[in-house]
Amino acid sequence: MADRYQQLVNTPIGKLVAKQVGLPNPPRLERYTPGAPVIEGTVLLGAAPGGRLTGAIAGALASAGAETLTAMQDEVRGAAADAGLDAAIFNPDAAPESQRFKALVFDASGIADSEQLHEAWAFLHPVIRRVQRCARVIVLGTPPEDCDVPAQAVAQRALEGLTRAIGKEIRNGGTAQLVYVRPGGEAEVESTLRFLLSPRSAFVSGQVVRIGPSVTETSDTIDWERPLTGKVALVTGAARGIGAAIAEVLARDGAHVVGLDIPAMSQELTAGMDAIGGSVLAADITADDAPAQIASHLLEFHQGVDIVVHNAGVTRDKTLGRMPAELWDTVIAINLTAPQRIDQELFARRAVRDNGRIVCVSSISGIAGNAGQTNYSTSKAGVIGIVQEFAPALADRGVTINAVAPGFIETQMTAAMPIGTREAGRRLNSLSQGGLPVDVAETIAWFASPASRGVTGNIVRVCGQSLLGA
């Protein structure tokens, strides 16, 4: 459903009225188109003294072909030179007013106590008002639990408040994120930086991503345009909406998609899979024999699976006191129990290949709860539990497991909401609009990439930094 309000306030008259009355003015977000560069515009790279991530960041920027300027510190300049970045130096006192940045990237891993948080201010303060529309601010640090001393842990935890506040300040389609990199995970930052810098992350803001060392090593060269070439991806609930968008993006990135949905949706599912060169598996994931059917199909026709996306889900809304048992049980069975049963069967039969990817679809309702959705909120919180419980065990096999938690996404379901509820869902986030199914799909594609080896156990909200659960 079109966002008529957004269309209106982006007209010349609408912009004027919105500004005078103080109404939200949702910006037009930039989204990825195939063949586009990672980032169009200048990146400014800075670091606190003693940062251990500057070299890895510079290497990722060089690999991505990002136009880069560096802060004036010798450490940053040296790291850029070592990475082969042809980066000039930015002097805020001498720079022309016209100098603008598409991204600000700051290595905060060297901040060892609260007084040194001044380094973040010193880097960001002179340039935060120089960012372009749809800009990116990315701060990288060390997970507090991996810090050597309490003072360092406190300072690194403070970075979460910094980045989330920035996400609410920069406006005009800009986003801000914090990336915690565990010691030993420095070599794994590139896929995450590429995603967060690019228009693929248009509706992701105020998030904390954790990257760790990978237990697998690969010398394979990543084709960043089609990183999933040769991979097989299972997407449940793939007939329409978010599931169809996930299937389309994974296929765009090179995967052969096996789209799964209930038999009643076979016609829509077949049309969608034909359009992307995928294949069809009609099944009710709550059936007793569904896990065995799915595993047998993947092994027989594809010799296994590389990516499993648990997207299938339903809502059956009523307040708890008015909710009959069948509505509770249906939602729990589809949204929470079925993914566990499917995974158990796939791993028991070794249908998931080495270096596999499991991606679950949760919801911000599972983080914050939602009135009238106790069953749905319970199931989606349980999905987060799946990720947190199984990430350490699966890591030993080189398999990652992560979840997306969508906020208000423009779908047939949200189009049917009462107008007041729908408008509140759209406006109560830092970007003042609803997201699109492709925003969820792009985040899943990042998780699914073979380059995301060190990204596991993450719950990333795709919600425009919603005030709900923010």
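Everything here concerns the structure above.
Computed from a prediction, not measured in an experiment: that's the story for all the values here.

1. Some remarks on the packing of aromatic side chains
Part 1 of the argument: Here the structure, examined in full by the defined rule, presents 4 aromatic pairs.
Part 2 of the argument: Their ring planes at 5 degrees and their centres at 4.6 Å tell us that Phe195 and Trp446 sit as a pair that is stacked. You can see Phe195 sitting in helix H7 (residues 190–197) and its partner Trp446 sitting in helix H16 (residues 437–448), a full 251 residues away along the chain.
Part 3 of the argument: Take Phe195: its relative accessible area is 3%, and that puts it in the buried class.
Part 4 of the argument: In this structure Trp446 comes out as buried when scored by relative accessible area, which is 5%.

2. Things to note about the pattern of salt bridges
Two side chains with opposite charge may pair up if their charged atoms get near one another.
Part 1 of the argument: This model, assessed by the stated rule, comprises 18 salt bridges.
Part 2 of the argument: Linking Glu30 and Lys102 is a salt bridge whose minimum nitrogen-to-oxygen distance equals 3.0 Å. With a gap of 72 residues between them, Glu30 in the loop between helix H2 (12–21) and strand S1 (42–47) and Lys102 in strand S4 (residues 101–107) connect regions that are remote in the sequence.
Part 3 of the argument: Among the residues examined, Lys102 registers a relative accessible area of 8% and is labelled buried.
Part 4 of the argument: Between Arg353 and Asp306 there is a salt bridge whose closest N-O contact spans 2.6 Å.

3. So, helix H15 (residues 419–427)
Part 1 of the argument: Within H15, burial applies to Arg422, Arg426 and Arg427. All buried residues of H15 fall inside an arc of 120 degrees around its axis, so they share one side.

4. Digging into the sheet that holds strand S6 (residues 175–181)
Part 1 of the argument: Pairing within the open sheet is parallel, and its 7 strands lie in the order S3-S2-S1-S4-S5-S6-S7. Among the strands making up the open sheet, the edge pair consists of strand S3 (88–89) and strand S7 (207–211).
Part 2 of the argument: Sheet topology places S1 next to strand S2 (residues 67–70); 4 bridges connect them, and they run parallel. In the strand pairing of S2, Leu45 is matched with Thr70.
Part 3 of the argument: The strands touched by helix H6 (residues 150–169) are strand S5 (131–141), S6 and S7; relative to S6, the strand with the most contacts, the crossing angle is about 160 degrees.

5. A closer look at the environment of Ile419
Part 1 of the argument: Structurally, Ile419 is set in helix H15.
Part 2 of the argument: What makes Ile419 exposed here is its relative accessible area of 59%.
Part 3 of the argument: Linking Ile419 and Val232, residues 187 residues apart in sequence, is a C-alpha distance of 40 Å.

6. Re the packing of H7 against H16
Part 1 of the argument: Between H7 and H16, the least distance of the axes is 10 Å, while the angle of their chain directions is 165 degrees. Relative to H16, H7 is oriented roughly antiparallel. Our pair here, H7 against H16, has a crossing hand that is right-handed. Contacts between H7 and H16 involve Ser191, Thr192 and Phe195 on the former and, on the latter, Glu442, Thr443 and Trp446.
Part 2 of the argument: Taken together, the residues that form the contact of H7 with H16 break down as 2 nonpolar, 3 polar and 1 charged.

7. Regarding the nonpolar core
Part 1 of the argument: In terms of nonpolar packing, the biggest core is built from 66 residues, with Leu140 and Leu250 touching the most fellow members.
Part 2 of the argument: Ignoring any residue separated from it by four or fewer positions in sequence, one finds Leu140 in contact with Leu53, Ile57, Val105, Phe106, Asp107, Ala108, Ser109, Val179, Val181 and Leu193.
Part 3 of the argument: Counting 38 residues, the second largest nonpolar core, distinct from the first, contains Leu234, Val331, Ile342 and Ile386.

8. Concerning the side chain of Gln207
Part 1 of the argument: Mapped onto the elements, Gln207 comes out in strand S7.
Part 2 of the argument: What makes Gln207 buried here is its relative accessible area of 2%.
Part 3 of the argument: Each residue touching Gln207, except ones within four places of it in the same chain, is listed here: Ala176, Gln177, Leu178, Ile459, Val460 and Arg461.

9. Quick word on helix H13 (residues 374–395)
Part 1 of the argument: Here H13 spans 32 Å end to end across 22 residues, near enough to the 32 Å set by a 1.5 Å rise per residue.
Part 2 of the argument: Along its length, H13 shows its largest kink, about 30 degrees, at Glu389, and proline Pro392 lies within four residues downstream of that point.
Part 3 of the argument: Among the residues making up H13, those that are buried are Asn375, Tyr376, Ser377, Ser379, Lys380, Val383, Ile384, Ile386, Val387, Ala391 and Leu394.

10. A look at the sheet that holds strand S10 (residues 279–282)
Part 1 of the argument: If you trace the 7 strands from one edge of the open sheet to the other, you get S10-S9-S8-S11-S12-S13-S14, paired in parallel fashion. Two strands bound the open sheet, and with one partner strand each, they are S10 and strand S14 (459–462). Taking the axes of each pair of neighbouring strands and ignoring which way they run, one obtains an average angle of 20 degrees across the sheet.
Part 2 of the argument: Across 5 bridges, strand S11 (residues 305–310) lies against strand S12 (residues 352–361) in parallel orientation. Of the residues in S12, the one forming a bridge with Val309 is Val359.
Part 3 of the argument: Contacts from helix H8 (residues 241–252) reach strand S8 (232–236), strand S9 (256–261) and S11, with the element oriented near 170 degrees to S8.

11. Topic: empty space enclosed by the protein
Part 1 of the argument: Taken as a whole and judged by the stated rule, the model has 2 cavities of 30 Å³ or more.
Part 2 of the argument: A volume near 40 Å³ is recorded for the largest cavity.
Part 3 of the argument: Taken together, Lys231, Asp306, Ile307, Asn355, Gly356, Arg357, Ala448, Ser449 and Pro450 make up the full set of residues lining the largest cavity.
Part 4 of the argument: Breaking the lining of the largest cavity down by element, the ones donating at least two residues are S11 and S12.
Part 5 of the argument: With 3 residues, the single largest contributor to the lining of the largest cavity is S12.

About the cut-offs
- Residues numbered from 1 in each chain as written.
- Predicted model: local features only at pLDDT ≥ 70, side-chain atom pairs only at ≥ 80, totals over all residues.
- Heavy atoms only, no water.
- Phe/Tyr/Trp six-rings, centres within 6.5 Å; stacked < 30°, edge-to-face > 60°.
- Helix = DSSP H or I, 4+ residues; strand = E, 2+ residues; numbered from the N terminus.
- Buried < 20%, exposed > 50% of the residue type's maximum accessible area, 1.4 Å probe, protein only.
- Salt bridge = Lys/Arg side-chain N within 4 Å of Asp/Glu carboxyl O.
- Arc of directions from axis to C-beta.
- Pairing = 2+ DSSP bridges.
- Contact = heavy atoms within 4.5 Å.
- Axes fitted to C-alpha atoms, helices over the stretch in contact; angles between N-to-C directions.
- Parallel < 35°, antiparallel > 145°, perpendicular 65-115°, else oblique.
- Left-handed = near helix turned anticlockwise from the far one by under 90°.
- Nonpolar A, V, L, I, M, F, W, Y, C, P; charged D, E, K, R; others polar.
- Core = buried A, V, L, I, M, F, W, Y, C linked by side-chain atoms within 4.5 Å.
- Expected span 1.5 Å × (residues − 1).
- Bend = angle between axes of the 7 residues up to and from the residue.
- 1 Å grid on protein atoms, 1.4 Å probe; cavity = no way out; pocket = protein on both sides within 12 Å on 5 of 7 lines; lining within 4 Å.
- Points joined across faces, edges and corners; volume = space filled by probe spheres on them.

None of this, on its own, says anything about what the molecule does.
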